[in-house]
Amino acid sequence: MTDPTADQALLEEKRLFPPPPEFAAQANARDPEIYARAESDFEAFWAGLAEELEWFEKWHTTLEWTPPHAKWFLGGKLNISVNCVDRHAKGSRKDKPAILWEGEPGDVRTLTYEDLYREVNRFANVLRGLGVQKGDRVAIYMPMVPELPIALLACARVGAPHSVVFGGFSAESLRERINHCGAKVLVTADGGWRRGGVVPLKKWADEALEDAPTIESVVVYERIGERAHISMKEGRDYWWHELMEKAEPECAPEPMDSEDILFILYTSGSTGKPKGIQHTTGGYLTGVYATTKYVFDLKEDDIYWCTADIGWVTGHSYIVYGPLANGATCVMYEGAPDTPERDRFWKIVEKYRVTIFYTAPTAIRTFMKWGDKFPNSCDLSSLRLLGSVGEPINPEAWIWYSSTIGKNRCPVVDTWWQTETGHILISPLPGLIATKPGSATKPFPGILADVVNDQGESMPPGRKGYLVIRRPWPGMLRTLWMDDDRYRQVYWSRFKTMYFTGDGAVRDEDGYFWLMGRVDDVMLVAGHNISTMELESALVEHPAVAEAAVIGRKHEIKGQAPAAFVIVREGYVPTEHLAFELKNFVAHKLGAICRPDDIIFTADLPKTRSGKIMRRLLRDIAEGRVLGDTTTLADPGVVASLKEKYAGDET
Ligand code: PRX
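Residues numbered from 1 in each chain as written. Predicted model: local features only at pLDDT ≥ 70, side-chain atom pairs only at ≥ 80, totals over all residues. Heavy atoms only, no water.

1. Description of the sheet that holds strand β4 (residues 97–102)
Piece 1. Sheet architecture is open: seven strands sit in the order β5-β4-β17-β16-β18-β19-β20, paired in mixed fashion. Both outer strands of the open sheet, β5 (108–112) and β20 (412–415), are each paired with one neighbouring strand and no more. Averaged over all pairs of adjacent strands, the angle between strand axes in this sheet comes to 20°, irrespective of strand direction.
Piece 2. Sheet topology places β4 next to β5; five bridges connect them, and they run antiparallel. Within β5, the residue paired with P97 across the bridge is T112.
Piece 3. Each of β4 and β5 touches helix α6 (residues 113–129); the most contacted strand, β5, lies at about 90° to it. (Pairing = 2+ DSSP bridges. Helix = DSSP H or I, 4+ residues; strand = E, 2+ residues; numbered from the N terminus. Axes fitted to C-alpha atoms, helices over the stretch in contact; angles between N-to-C directions. Contact = heavy atoms within 4.5 Å.)

Written out as structure tokens, the structure is:
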């Protein structure tokens, strides 16, 4: 780590927000003993939570830990769809809404637990009818419609690991993921609505499938209708509604072993191709169930809304599995926050009387920028808890969230976790922990997090280091799909028996954790992981590009924005038009979220004497900071000219 001292501004944040007494009095976690109890025997702590779930057969061993591989609840048999659907539908929650859905154009649907049971069973039979068996992979590329969680739960019911690909990813990204996991079936839709326009999912899926030999069938949910202008391929493509009509209403759930795979979800790594994060059944469900219950303080009457897309892990864990395992009523919204107006989210909160609201700092900063009049024009009095996830939340945004949205009544839970961790690992328990704006506060009970230096030694308060997790937890990734070597190398090679998160962090005198962003070459753009390497590889595929270096520069709304330093090939002229073309090229190749904000043409790149691009310097340049030590540079002149160029030539 180049800079061992913490960002002083952060540690000078002294405001403390104790849990409101009326909240603390009713909280699911209100006995501070929970921390000591979990610490004294973390296996027993998690086992106690697992016992609240429904198992076909109980486990015989809670944990087997042979670093870097963990197995939880060995010998246990369960099915996640039974836990998320059947046990509510067959009990007192039969008529309770599971999903309150609102489409972007304003259409609405309510699915009770009984409705969800019926749909999940039918779709599970559809999958079986298409030849899907336990262990077969199913790729899912859908808009935010109820059929998306239905598809996930149906996969879980038949024991087919799902791999959801975010609908904003390109055809090429979809193809890469389908081929990597060898999916047999693709579930998609004719399109989705976004800001009044159609997201042409089926068209992109068709493009992806031009070279995806493992896909045998495609199920297409009709969301848009005629305006989607799609074509169906005979013998491969089937309409969701046609298959559902013919499907039997009951589908026996597959008894899954605790360690059977539930899903594979791809996330960007600092090098090379996306990593297929592999999650299993028993531990993952226990982790998401417990964290939803205690971090979000979920109660029977809550109306819970997580605004993420199910294409990301936040949606998997905290729209689908965690809340439904708790029998919650979840709001689900299809579209953009500013359609038709910038008050759409607040209108939804008002209309459904949302009590728990979970979103990302990038959204919060956008709302701040839009101004208070939008939230202030709606009745937000139903809210009682606010959550944040995806990137560090700056204290200013935290305070705005707490006051303008939460009216200084609602605790704010800043939740730190990753696709890899499966569930929240660092977050306040809202009835017990006093919060500080910008800090994710303390590890969840049973989680042993630490901040260490390069040697793996714990850092004293105020000293920046690497965030590591010192002992296994139930929802941790088990490995990377088809690449255990990379799993070992990425997460377990730096510190042999500690999980390396890739994040920098510092603890303060009170033991609170302050997250400081990635220490590797991963950017957090609007809370989404994007690899600088992936963008660089995409750029150099363009004929005009000889070399490219990409960094994440600070961005007021998105947290970070990709900035690309590009050297053009002989014969090409660096023009504004070319910059525009390159941005589109990347967006087309990888998806719109990867589109670089800046293209900076340069004649050279700052490199160390051993030829490594000095990204730190590029970041300093892009953020207009005073340059640090450049003595290891092969040609320090490059930096000076780049700095000048960036200031005057940003496109
Ligand atoms: O850098 C951390 C940041 O997001 C990364 C994980 O990204 P992803 O796997 O896409 O999962 C995002 C949703 C869980 C982390 O390594 N991150 C996530 N939440 C926070 C955060 N950084 C600071 N504070 C958070 N609350």
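2. Section: the nonpolar core
Piece 1. By size, the foremost hydrophobic cluster in this structure holds 120 residues, and its most contacted members are W46, L116, F123, I140, V187, F296 and Y321.
Piece 2. Counting residues per element, this core draws most heavily on helix α7 (residues 147–158), which supplies nine residues.
Piece 3. Contacts of I140, omitting those with residues within four sequence positions, involve L148, A151, L152, C155, H162, S163, V164, V165, L186 and V187.
Piece 4. Y333, F345, I348 and W400 belong to the second-largest nonpolar core, a separate cluster that totals 29 residues. (Core = buried A, V, L, I, M, F, W, Y, C linked by side-chain atoms within 4.5 Å. Buried < 20%, exposed > 50% of the residue type's maximum accessible area, 1.4 Å probe, protein only.)

3. Topic: the pattern of salt bridges
Piece 1. Scanning the model with the defined rule gives 48 salt bridges in all.
Piece 2. Where K202 meets D237, a salt bridge forms, and the shortest distance between an N and an O atom there is 2.8 Å. Separated by 35 residues along the polypeptide, K202 in helix α9 (residues 201–209) and D237 in strand β12 (residues 237–239) bring together distant segments of the chain. When sorted by exposure, K202 lands in the same class as D237, which is buried.
Piece 3. Between D454 and R494 there is a salt bridge; the shortest N-O distance is 3.8 Å. Of the two residues, D454 is situated in the loop between β21 (449–452) and β22 (465–469) and R494 in the loop between α17 (484–492) and β24 (499–507); the sequence distance between them amounts to 40 residues.
Piece 4. If you follow the salt bridges from partner to partner, you end up with K202, D206, R236 and D237 in one network. (Salt bridge = Lys/Arg side-chain N within 4 Å of Asp/Glu carboxyl O.)

4. What to know about the site of the ligand
Piece 1. Lining the immediate surroundings of the ligand are 17 residues, of which D414, T415, Q418, T419 and R518 lie closest.
Piece 2. At 2.9 Å from an oxygen atom of the ligand is found a side-chain nitrogen or oxygen belonging to D503.
Piece 3. R518 is positioned with one of its side-chain polar atoms (N or O) 2.8 Å from an oxygen atom of the ligand.
Piece 4. Bound to the protein, the ligand loses 97% of the 540 Å² it would expose on its own.
Piece 5. At the level of secondary structure, the elements contributing two or more residues to the shell around the ligand comprise α12 (313–325), β20 and β25 (513–518).
Piece 6. Here the residues of the shell around the ligand are counted per class, giving seven nonpolar, six polar and four charged. (Near = heavy atom within 4 Å. Polar contact = N/O pair within 3.5 Å; in protein donor to acceptor, adjacent residues only side chain to side chain. Areas by Shrake-Rupley, 256 points an atom, 1.4 Å probe, with all protein chains shown as cover. Nonpolar A, V, L, I, M, F, W, Y, C, P; charged D, E, K, R; others polar.)

5. Some remarks on empty space enclosed by the protein
Piece 1. In this structure the tally under the stated criterion is two cavities of 30 Å³ or more.
Piece 2. Here the largest cavity is characterised by a volume of approximately 60 Å³.
Piece 3. Lining the largest cavity, in full, are F169, S173, R177, S268, N529, I530, E534, L590 and C594.
Piece 4. For the lining of the largest cavity, the secondary structure elements donating two or more residues are α8 (171–181) and β27 (528–531).
Piece 5. In terms of residue class, the lining of the largest cavity is built from four nonpolar, three polar and two charged.
Piece 6. Computed from the structure, the second largest cavity encloses a volume of approximately 40 Å³.
Piece 7. As for the second largest cavity, its lining consists of I99, P149, I319, V320, L324, C330, V331 and M332. (1 Å grid on protein atoms, 1.4 Å probe; cavity = no way out; pocket = protein on both sides within 12 Å on 5 of 7 lines; lining within 4 Å. Points joined across faces, edges and corners; volume = space filled by probe spheres on them.)

6. Description of unusual backbone geometry
Piece 1. With an omega of 5°, the peptide bond running from P67 to P68 counts as cis.
Piece 2. Checked against the element boundaries, P68 lands in the loop between β1 (61–66) and β2 (69–74).
Piece 3. Put simply, T339 and P340 share a cis peptide bond, and its omega is 0°.
Piece 4. At K407, a residue that is not glycine, the phi angle is positive and equals roughly 50°.
Piece 5. Mapped onto the elements of the fold, K407 is located in the loop between α16 (395–405) and β20.
Piece 6. Looking at K407, the relative accessible area reads 36%, which means it is partly exposed.

7. What about the side chain of S382?
Piece 1. Inspection of the secondary structure puts S382 in the loop between α15 (373–376) and β19 (385–389).
Piece 2. Judged by relative accessible area, S382 falls into the buried class, the value being 11%.
Piece 3. Here the side chain of S382 touches V354 through a polar contact of 2.7 Å, landing on its backbone oxygen.
Piece 4. When near neighbours in sequence (up to four residues on either side) are disregarded, S382 contacts V349, R353, V354 and T355.

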